[in-house]
Amino acid sequence: QQQVKQSPQSLIVQKGGISIINCAYENTAFDYFPWYQQFPGKGPALLIAIRPDVSEKKEGRFTISFNKSAKQFSLHIMDSQPGDSATYFCAATDYNTDKLIFGTGTRLQVFP
Amino acid sequence: EAGVAQSPRYKIIEKRQSVAFWCNPISGHATLYWYQQILGQGPKLLIQFQNNGVVDDSQLPKDRFSAERLKGVDSTLKIQPAKLEDSAVYLCASSLDRLTLPFTDTQYFGPGTRLTVL
């Protein structure tokens with residue numbers, strides 16, 4: 001119940017295309033859903049986050065879509081660039097345990 | 001603003017040896033976390049401190065892992081003795097104050113220490 005399932009494991013997109021990464025959860029106590037971006041040799045960095053009271057949040061080329069009834073959320077990267085090539089992790093925080101649970105990660109490669 | 005500092009960046013040891021990692025969080029951050037990230041997986045929380053007190057250590061293998069944050073700032077994570085399965089990146093993260101500022105959720109991660117156990 002504490003898991004966050006993430007797909008796909010890897011994604012190859014051409015420059016200018018749309019990258020879509022999906023996550024699903026079971027625990028209804030999750031109340032905060034961040035996405036982290038990790039470059040090789042670096043720690044994860046917060047990219048964008050959403051709370052369950054809204055269905056969409058957009059920051060620049062990055063958009064989170066949230067479906068509370070389906071317990072799913074996704075990250076859309078518009079106009080994907082080679083500099084977006086990184087591993088992306090979805091995550092969720094349980095307000096009961098105050099613990100951040102990460103998905104398994106998606107390795108995104110954007111080719112020119 | 002300086003980020004989370006960790007050292008060493010890399011460590012190679014043989015099984016049954018001991019190892020220690022150091023973390024200096026962002027100045028003013030009361031909450032500090034240690035995560036274990038095994039290759040191909042997401043980070044897994046090992047222990048969470050609020051100032052110098054432990055908030056959650058439920059996933060810390062206490063027979064071999066220990067951590068402390070004596071003055072509520074720097075922290076060390078120790079493994080003694082190490083096993084092959086401890087090979088991973090150990091990430092330290094900090095946030096402002098999860099307990100008194102519940103919506104201050106952003107965790108800032110350091111670059112990690114890559115541990116290889118042979």
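See the structure printed just above.
Residues numbered from 1 in each chain as written. Chains lettered and ligands numbered in written order. Predicted model: local features only at pLDDT ≥ 70, side-chain atom pairs only at ≥ 80, totals over all residues. Heavy atoms only, no water.

Moving on to the side chain of Ser94 of chain B. By the secondary structure assignment, Ser94 of chain B is in strand S9 (residues 88-95). For Ser94 of chain B, a relative accessible area of 0% gives the class buried. (Helix = DSSP H or I, 4+ residues; strand = E, 2+ residues; numbered from the N terminus. Buried < 20%, exposed > 50% of the residue type's maximum accessible area, 1.4 Å probe, protein only.)

With that settled, consider the environment of Asn51 of chain B. Residue and element names in this part refer to chain B. Structurally, Asn51 can be placed in the loop between strand S5 (44-50) and strand S6 (53-56). Using a relative accessible area of 39% as the deciding quantity, one classes Asn51 as partly exposed. For the pair Asn51 and Ala30, spaced 21 residues apart in the sequence, the C-alpha separation amounts to 4.9 Å. The contacts of Asn51, once residues within four sequence positions are left out, are Ala30, Arg69 and Gly72. (Contact = heavy atoms within 4.5 Å.)

Okay, the interface of chain A and chain B next. Every contact between the two is made by 17 residues of chain A and, on the other side, 21 residues of chain B. Along the contact surface separating chain A from chain B lie 1 salt bridge. Across the pair Lys99 of chain A and Asp56 of chain B runs a salt bridge whose closest N-O atoms are separated by 3.4 Å. Inspection of the region where chain A meets chain B yields 5 residue pairs in polar contact (both at pLDDT 80 or more). Where the side of chain A that touches chain B is concerned, the elements lending two or more residues are strand S4 (30-38), strand S9 (86-94) and strand S10 (99-102) of chain A. The residue makeup of the side of chain A that touches chain B, split by class, is 7 nonpolar, 6 polar and 4 charged. (Salt bridge = Lys/Arg side-chain N within 4 Å of Asp/Glu carboxyl O. Polar contact = N/O pair within 3.5 Å; in protein donor to acceptor, adjacent residues only side chain to side chain. Nonpolar A, V, L, I, M, F, W, Y, C, P; charged D, E, K, R; others polar.)

Taken as a whole, this structure holds 2 disulfides over all chains when the rule is applied. In this model Cys23 of chain A forms its disulfide with Cys90 of chain A; the gap between the sulfur atoms is 1.9 Å. Taking the sign of the S-S torsion, about -95° here, the bridge from Cys23 of chain A to Cys90 of chain A comes out left-handed. Of this pair, Cys23 of chain A sits in strand S3 (residues 19-25) while Cys90 of chain A sits in strand S9; the two residues are 67 residues apart in sequence, bridging distant segments of the chain. For the pair Cys23 of chain A and Cys90 of chain A, one class covers both residues: buried. A disulfide bridge connects Cys23 of chain B with Cys92 of chain B, and the sulfur atoms are separated by 1.9 Å. Across the S-S bond linking Cys23 of chain B and Cys92 of chain B, the dihedral sits near -70°, which makes this disulfide left-handed. Of the two residues, Cys23 of chain B is situated in strand S3 (residues 19-24) and Cys92 of chain B in strand S9; the sequence distance between them amounts to 69 residues. Classification of Cys23 of chain B as buried rests on a relative accessible area of 0%. (Disulfide = S-S within 2.5 Å.)

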